[in-house]
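# Structural overview
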Number of protein chains: 2
Amino acid sequence: MNMKKQGLLIVVSGPSGTGKGTVCDELLKAHPEIAYSISATTRSPREGEKDGENYYFLKKEQFEQMINRGELLEWANVYGNYYGTPLKKIQEKLSDGQDILLEIDTQGAMNVQKKFPEGLYIFLLPPSLKTLEERIRGRGSETDESLKRRLGNAVNEIEVGKNYNYVVVNDTVDAAVKRIAMVIDAEHRRVVRNMDLFEKLENEKKLNYGA
Amino acid sequence: MNMKKQGLLIVVSGPSGTGKGTVCDELLKAHPEIAYSISATTRSPREGEKDGENYYFLKKEQFEQMINRGELLEWANVYGNYYGTPLKKIQEKLSDGQDILLEIDTQGAMNVQKKFPEGLYIFLLPPSLKTLEERIRGRGSETDESLKRRLGNAVNEIEVGKNYNYVVVNDTVDAAVKRIAMVIDAEHRRVVRNMDLFEKLENEKKLNYGA
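Quick summary incoming for the structure in this document. (Residues numbered from 1 in each chain as written. Chains lettered and ligands numbered in written order. Predicted model: local features only at pLDDT ≥ 70, side-chain atom pairs only at ≥ 80, totals over all residues. Heavy atoms only, no water.)

### Notes on helix H3 (residues 87–95) of chain A
Residues and elements named next belong to chain A.
- Considered for burial, the residues of H3 that qualify are Leu87, Ile90 and Leu94. Here the buried residues of H3 occupy an arc of 65° about the axis, which is enough to place them on one side.
- Buried positions along H3 lie against strand E1 (9–13), strand E5 (72–78), strand E6 (81–86) and strand E7 (100–103). (Buried < 20%, exposed > 50% of the residue type's maximum accessible area, 1.4 Å probe, protein only. Helix = DSSP H or I, 4+ residues; strand = E, 2+ residues; numbered from the N terminus. Arc of directions from axis to C-beta. Contact = heavy atoms within 4.5 Å.)

### A closer look at the relation of the copies chain A and chain B
- Once turned by 180° and shifted 0.0 Å along the axis, chain A lies on chain B with an RMSD of 0.0 Å. Taken together, the rotation angle and the small translation identify this as a two-fold axis. Residue A:Met182, judged by its C-alpha, is the member of chain A lying nearest the rotation axis, at 2.7 Å. (Least-squares fit on C-alpha atoms with pLDDT ≥ 70 in both.)

### Digging into the interface of chain A and chain B
- Each partner contributes residues to the interface: chain A has 40 residues there, and chain B has 40 residues.
- Taken together, both faces of the contact between chain A and chain B bury some 3,500 Å²; the carbon and sulfur share is 67%.
- At the boundary of chain A and chain B, one finds four salt bridges.
- In this structure, B:Glu202 and A:Lys162 form a salt bridge, with 3.2 Å as the shortest nitrogen-oxygen distance. (Buried area = accessible area lost by both parts, 1.4 Å probe. Salt bridge = Lys/Arg side-chain N within 4 Å of Asp/Glu carboxyl O.)

### Examining the sheet that holds E6(A)
Residues and elements named next belong to chain A.
- Ordered by their spatial adjacency, four strands build an open sheet running E4-E3-E6-E5, and the pairing between neighbours is mixed. Every other strand in the sheet has two partners, leaving strand E4 (55–57) and E5 as the edge strands with one partner each. For this sheet, the mean inter-axis angle between neighbouring strands, taken without regard to orientation, is 25°.
- One ladder, built from two bridges, connects strand E3 (residues 39–41) with E6; its direction is antiparallel. Within E6, the residue paired with alanine 40 across the bridge is glycine 84.
- Contacting E4, E5 and E6, H3 crosses the sheet at an angle of about 20° to E6. (Pairing = 2+ DSSP bridges. Axes fitted to C-alpha atoms, helices over the stretch in contact; angles between N-to-C directions.)

### Concerning the pairing of strand E8 (residues 120–125) of chain A
All names here are of chain A.
- Among the six residues in E8, six count as buried, and that is most of the element.
- In this structure, E1 lies alongside E8, joined through four bridges in parallel fashion. The residue bridging valine 11 from the neighbouring strand is tyrosine 121, located in E8.
- Where E8 and strand E9 (residues 166–169) come together, four bridges link them in parallel fashion. Within E9, the position partnered with leucine 125 by the bridge is valine 169.

### Some words on the side chain of B:Asn194
- Structurally, the position occupied by B:Asn194 is in the loop between helix H7 (173–188) and helix H8 (195–208).
- Of the residues examined, B:Asn194 reaches a relative accessible area of 4% and is grouped as buried.
- In this structure the side chain of B:Asn194 is engaged in a polar contact, spanning 2.9 Å, whose partner is the side chain of B:Lys5.
- With residues up to four places along the chain from it excluded, the contact list for B:Asn194 reads A:Val167, B:Lys5, B:His188 and B:Arg189. (Polar contact = N/O pair within 3.5 Å; in protein donor to acceptor, adjacent residues only side chain to side chain.)

### A few points about the sheet that holds strand E2 (residues 35–36) of chain A
Residues and elements named next belong to chain A.
- The strand order E2-E7-E1-E8-E9 describes an open sheet built from five strands, whose pairing is parallel. With one partner strand each, in any of the chains shown, E2 and E9 form the two edges of the open sheet.
- The pairing of E1 with E7 spans four bridges and is classified as parallel. Residue pairing across strands places valine 12 opposite glutamate 103, the latter belonging to E7.

### Focus: the packing of aromatic side chains
Residues and elements named next belong to chain A.
- With the rule as written, the count across this model stands at 14 aromatic pairs over all chains.
- Both rings, one in tyrosine 121 and one in tyrosine 164, keep their centres 6.3 Å apart while their planes meet at 85°; by these two values the pair is edge-to-face. Of this pair, tyrosine 121 sits in strand E8 while tyrosine 164 sits in the loop between helix H6 (144–158) and E9, placing them 43 residues apart in sequence. With respect to class, tyrosine 121 is no different from tyrosine 164; both count as buried.
- Taken together, a centroid distance of 4.7 Å and an interplanar angle of 65° make the contact between phenylalanine 123 and tyrosine 164 edge-to-face. (Phe/Tyr/Trp six-rings, centres within 6.5 Å; stacked < 30°, edge-to-face > 60°.)

### Considering the nonpolar core
- Within the largest apolar cluster, 41 residues are counted, with the highest numbers of intra-cluster contacts made by A:Ile10, A:Ile122, B:Ile10 and B:Ile122.
- In contact with A:Ile10, not counting residues within four places along its chain, are A:Ile34, A:Asp99, A:Ile100, A:Leu101, A:Leu102, A:Leu120, A:Ile122 and A:Ile184. (Core = buried A, V, L, I, M, F, W, Y, C linked by side-chain atoms within 4.5 Å.)

### Section: the environment of B:Leu58
- Assignment of secondary structure puts B:Leu58 in the loop between strand E4 (55–57) and helix H2 (60–68).
- Along the sequence, B:Leu58 and B:Tyr121 sit 63 residues apart, while their C-alpha atoms lie 28 Å from each other.

### Looking at the pattern of salt bridges
- A full pass over the atoms with the stated rule returns 27 salt bridges over all chains.
- A:Asp185 serves as the salt-bridge partner of A:Arg189, at 3.3 Å between the closest nitrogen and oxygen.
- B:Lys162 is the partner of B:Glu159 in a salt bridge, and the nearest nitrogen-oxygen pair spans 3.6 Å.
- Overall, the relative accessible area of 45% leaves B:Glu159 in the partly exposed class.
- Through salt bridges that share partners, A:Glu187, A:Arg190, A:Arg193, B:Glu187, B:Arg190 and B:Arg193 make up one connected network.

### Quick look at H6(A)
- Relative to the 21 Å expected for 15 residues at 1.5 Å per residue, H6(A) spans 21 Å between its end C-alpha atoms, a close match to the ideal helical length.
- Inspection of H6(A) places A:Ser146, A:Leu147, A:Leu151, A:Ala154, A:Val155, A:Glu157 and A:Ile158 among the buried residues, and these make up the whole buried set.
- Those residues of H6(A) that are buried lie in contact with helix H4 (106–115), E8 and helix H5 (129–138) of chain A together with H8 of chain B. (Expected span 1.5 Å × (residues − 1).)

Printed below as a string of structure tokens:
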């Protein structure tokens with residue numbers, strides 16, 4: 001019997017402003033063996049964005065059909081635009097033994113966790129709220145009002161992290177990437193994911209050392 | 001409140017001849033921050049062995065007193081000599097936040113797991129039974145009879161590994177050490193072991209961002 005190893009669904013999430021986008025980009029650069037889960041959206045492509053690369057750009061009717069057919073792992077409607085995670089692509093890659101990274105906000109991650117508890121849930125934390133504030137400010141485009149709101153939301157989001165499997169502090173991108181990579185490697189060593197190793201030795205025993 | 005982090009009890013075990021002694025020695029060399037759990041025994045010290053370094057050398061009466069007082073995490077009587085793991089030293093170091101490595105046979109590890117399920121159980125596998133046979137042969141001192149018995153036992157022991165948390169193949173010592181180190185690092189990132197990080201941010205929130 002040839003038991004093909006399932007890939008891991010790696011969900012990286014964290015409060016807004018924690019820098020999960022940068023960390024995930026660098027993780028994928030350092031680990032090209034990990035695939036990236038591409039979201040579907042009904043918003044218009046921005047300049048330079050490519051269908052099937054940055055997003056799957058869908059019409060509203062197509063997206064709603066996917067919702068109705070249960071073809072999305074999670075979805076949300078943000079200011080009139082749909083965003084979601086197509087399930088089929090993920091399942092195909094996982095069956096193929098490939099790890100997939102899903103970078104997603106805390107709300108989305110919570111919904112994914114309900115449907116896919118066997119995933120690997122990694123929560124990215126800022127080293128301090130002060131750092132988080134500086135990062136949100138650094139984006140520049142914020143008014144004082146919206147900055148306050150975003151920071152308040154982020155602080156509330158932190159609590160959610162207690163439901164994850166692992167927590168990684170994003171003090172430097174490089175360190176955070178290395179820590180996440182170690183968590184992924186360790187998860188691959190779990191006994192439940194390595195029954196093929198036992199099976200191999202049992203077969204060798206039957207063949208060469210008597211039953 | 002200052003929540004001191006507990007250390008991890010890292011149990012490395014595996015079939016006889018898998019090379020767990022060498023792997024553990026190299027792991028400790030590469031990671032001097034990990035303490036080693038010293039066993040107690042009633043056998044006589046061999047040349048060069050030091051009390052409190054290689055073993056705690058005890059008299060039979062002292063050892064039996066420890067058994068009766070429940071002061072051993074596990075113990076066994078092998079050909080008339082007692083061997084066991086003193087519990088108190090381990091508890092002290094864990095409370096102090098220090099990781100402790102316990103290298104132990106599969107029988108002992110099973111007993112430890114019953115008493116200490118929160119430990120980290122890592123099973124070392126040989127890449128093949130052929131390799132295992134060569135390693136046992138390589139020790140030289142075996143008769144054909146005892147080699148056969150040892151190999152048979154080792155093969156039966158492999159099944160036990162399915163009850164562990166992680167499995168690491170000892171194809172090369174260096175690779176096995178690195179994999180174990182990654183598992184230990186990852187375990188330290190588990191959310192349950194990092195509630196202090198959440199607490200720190202919650203305190204910062206109360207102090208600087210209003211309750």
